[in-house]
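Chain residues, written in single-letter form:
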Amino acid sequence: MTNNYSLRSLTIFSLIIYLILVFTNNYYSVEEAAIIGLGDGVQYLKIIQASPEIPTENVENQQAYRFIIPYAIGALSHFTKVNDYYLLIFSIFITHLLILNVFNQLVIHIGSKKNFSLIIICTLIFNAYFFRPSLTNPYLINDWIFIYGLLLIVTYVFKKKEYYFYIGLVLCAISRQTSLILNILFIFSIIFNFNSKKKINANIYIYGIIINTIIFVLLHNISLDLFTDFVPMTYPNLMLGIFFFNYNFLELAIFIIRFINANILILIFLIFFILNFKTHKKKLNFEMLFLLSLAVIIWFQPILGGPSFTGGNIPRLTILSMPIFLVFYLFIFKDVEIDFIHTITIILLLFVTSFHHNYTYFLNHFFDYKNFHFAGTNFFLHFIIFIILFNNNRLNKKS
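Note that this is a predicted model, so its numbers are computed, not measured.

We now examine the overall build of the protein. Looking only at helices and strands, the protein features 20 helices and zero strands. Over its C-alpha atoms the protein spans a radius of gyration of 21 Å, differing by no more than 12% from the 21 Å that the globule rule assigns to 399 residues. Oriented by its inertia axes, the alpha-carbon framework of the protein measures out at about 65 × 60 × 45 Å. In the protein, buried positions account for 56% of the 399 residues. For the protein, restricting intrachain contacts to residue pairs at least 6 apart in sequence, the fraction spanning at least 24 positions comes to 79%.

What follows is the structure in structure tokens.
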């Protein structure tokens, strides 16, 4: 009897769960999405609507750098006469399916226990800040292209096929400036190769630094010439804003609560990892340290932006690293057994936690569902999940 399901079975399961998400989601115009805090889409819309020409309106610095994908979609819309929204929704669906396909392949490759695999897949799909925002506002497609690129890099770590790394890196580099901080990880990987008995393919990280830097410099300069004005403090603000202390205690508290609310299950698994560190530390080889470091640096960049610069975007931006954390936990907890009843209970609870007050309409049929309802429900249900996993953890230790 195998530990895990077949790829076909996981694909069918993932599609069913994903379709449940799709049919319980809210869908807004880009103007409505801007009102609920997804204003980046308005900047991308300027590029899309102007394509194949150059926007006459100035595009904000960060979004101007990421012009390639929205510009290509705008050009396709112009020449095919297909509405850009429909092209974006179609592109989002395809990107989501690609993400799920790569993620399921990694689940199969790692070979974690069946029920734990299902919980991890549902954790990914049912997180209120993962797929739902892009269905609500598909103009944010760059973020999910970036996630797909990261998962291809993760696939290289396991399968050692270099084309995964290079394709993933290029997708990351053209979709978000965040890709530049991957160079830090690449440098540490090269240093590791010099100081470790176990040798790795350091050349791929050297080439990665070169490719990543060249793409960043080219896109940065092209965007300055064509789409935006130079704002000298943009990158220091985004990387060090939390140390400027130009926010009050309440703003910091809300910032932290939003972060925890989006990443609560990642933090729960982290607690179990720390509690069982002696058991799992032998699994921390170079590949696992690479994954954990990759997830953490993607996580920390928006945190360092602080309440004044990252602000309300902290859930959406930190969740970019979620699939990497989940792959890490899949490997670390691959031998964890969770019984069927607990698995079904956790999956149902995860489904309810996906009912974000802006991204889904389901609970509004019963009462006026607000942000504090979502936050309270999310914390409470995740606390129940924590209790279930904690009891399961004790049972696994006894066995």
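Across the eleven residues of helix α3 (residues 40-50), nine count as buried, placing the element largely inside the fold. Buried within α3 are the following residues: D40, G41, Q43, Y44, L45, K46, I47, I48 and A50.

A few words on a nonpolar patch on the surface. Among the surface-exposed residues, I54, I206, Y207, I210, I214, L218, I222 and L226 lie close enough to one another that they form a single nonpolar patch of about 680 Å² accessible area. Here Y207 is to be found in helix α12 (residues 202-226).

So, about unusual backbone geometry. For the bond from S51 to P52, the omega torsion is 10°, close enough to zero to count as cis. Relative to the elements of secondary structure, P52 occurs in the loop between α3 and α4 (61-65). Residues other than glycine seldom take positive phi values, yet K160 does so here, at roughly 60°. With respect to the helices and strands, the residue K160 is situated in the loop between α9 (141-159) and α10 (162-175).

A few words now on helix α19 (residues 340-353). For an α-helix, the turn length of 3.6 residues means that residues three or four places apart are oriented alike. For α19, spanning 14 residues, the distance from its first C-alpha to its last is 20 Å, which sits close to the expected 20 Å at 1.5 Å a residue. Within α19, the full set of buried residues consists of T343, I346, I347, L349, L350 and T353. Projected down its long axis, α19 shows its buried positions confined to an angular sector of 165°, all on one face. For α19, the exposed residues set more than 90 degrees away from the buried face come down to F340, I341 and L348. Measuring from the backbone nitrogen of I341 back to the side-chain oxygen at the start of α19 gives 3.2 Å, which picks out D339 as the cap.

To continue, consider the packing of aromatic side chains. Going through the model one piece at a time under the given rule, you end up with 34 aromatic pairs. Considering the side-chain rings of F259 and W299, the 5.2 Å spacing of their centres and the 55° angle between planes classify their relative orientation as tilted. Within this pair, whereas F259 is found in helix α14 (residues 249-275), its partner W299 is found in helix α16 (residues 286-309), the two being separated by 40 residues in sequence. Accessibility classification places F259 together with W299 in one group, the buried group. Within the aromatic cluster, the residues linked to one another by ring pairs are F116, F259, F269, F273, F277, W299, F300, F325, F328, Y329 and F333. The ring of Y5 has K114 sitting right over it, with the charged end atom 5.0 Å from the ring centre. The cationic tip of K160 hangs over the ring face of Y156; the distance from NZ or CZ to the ring centre is 5.8 Å.

To continue, consider the nonpolar core. Counting 115 residues, the largest nonpolar core has F103 and Y205 as its most contacted members. By size, the runner-up hydrophobic cluster in this structure holds ten residues, among which are I47, V59, F67 and I174.

Tracing the backbone shows S51 in the loop between α3 and α4. Among the polar contacts listed, one links the side chain of S51 to the backbone oxygen of Y71, at a separation of 2.8 Å. If we skip the residues at most four places from it in the chain, S51 touches Y71, G74, A75 and H78.

The next thing to look at is the pattern of salt bridges. All told, the structure shown has six salt bridges when counted by the stated rule. Two residues, K160 and E287, come together in a salt bridge whose shortest N-O distance is 3.2 Å. Pair noted here: K160 is in the loop between α9 and α10 and E287 is in helix α16, with a separation of 127 residues, a long-range link. The exposure class assigned to E287 is buried, which follows from its relative accessible area of 12%. Three or more residues are tied together by salt bridges with common partners; here these are D143, R176 and R316.

Between helix α1 (residues 7-23) and helix α7 (residues 114-126), the least distance of the axes is 10 Å, while the angle of their chain directions is 30°. Taken together, the axis directions place α1 and α7 in an arrangement best described as roughly parallel. Considering how the two elements wind past one another, α1 and α7 form a crossing that is right-handed. Residue-level contacts link L10, F13, S14, I17, Y18 and L21 of α1 to L118, I121, C122, I125 and F126 of α7.

Let's shift gears to the environment of K81. Mapped onto the secondary structure, K81 falls in the loop between α5 (68-80) and α6 (84-110). Of the residues examined, K81 reaches a relative accessible area of 67% and is grouped as exposed. Residues K81 and Q63 lie 18 residues apart in sequence; the distance between their C-alpha atoms is 25 Å. Engagement of the side chain of K81 in a polar contact is seen with the backbone oxygen of H78, the distance being 3.3 Å.

Basis of the calculations
Residues numbered from 1 in each chain as written. Predicted model: local features only at pLDDT ≥ 70, side-chain atom pairs only at ≥ 80, totals over all residues. Heavy atoms only, no water. Helix = DSSP H or I, 4+ residues; strand = E, 2+ residues; numbered from the N terminus. Rg over C-alpha atoms; globule rule 2.2 N^0.38 Å. Buried < 20%, exposed > 50% of the residue type's maximum accessible area, 1.4 Å probe, protein only. Contact = heavy atoms within 4.5 Å. Patch = residues over 30% accessible without salt bridge, like charges linked within 9 Å, V, L, I, M, F, W, Y side chains within 5 Å. Areas by Shrake-Rupley, 256 points an atom, 1.4 Å probe, with all protein chains shown as cover. Salt bridge = Lys/Arg side-chain N within 4 Å of Asp/Glu carboxyl O. Expected span 1.5 Å × (residues − 1). Arc of directions from axis to C-beta. Polar contact = N/O pair within 3.5 Å; in protein donor to acceptor, adjacent residues only side chain to side chain. Phe/Tyr/Trp six-rings, centres within 6.5 Å; stacked < 30°, edge-to-face > 60°. Lys NZ or Arg CZ within 6 Å of the ring centre and 35° of its normal. Core = buried A, V, L, I, M, F, W, Y, C linked by side-chain atoms within 4.5 Å. Axes fitted to C-alpha atoms, helices over the stretch in contact; angles between N-to-C directions. Parallel < 35°, antiparallel > 145°, perpendicular 65-115°, else oblique. Left-handed = near helix turned anticlockwise from the far one by under 90°.

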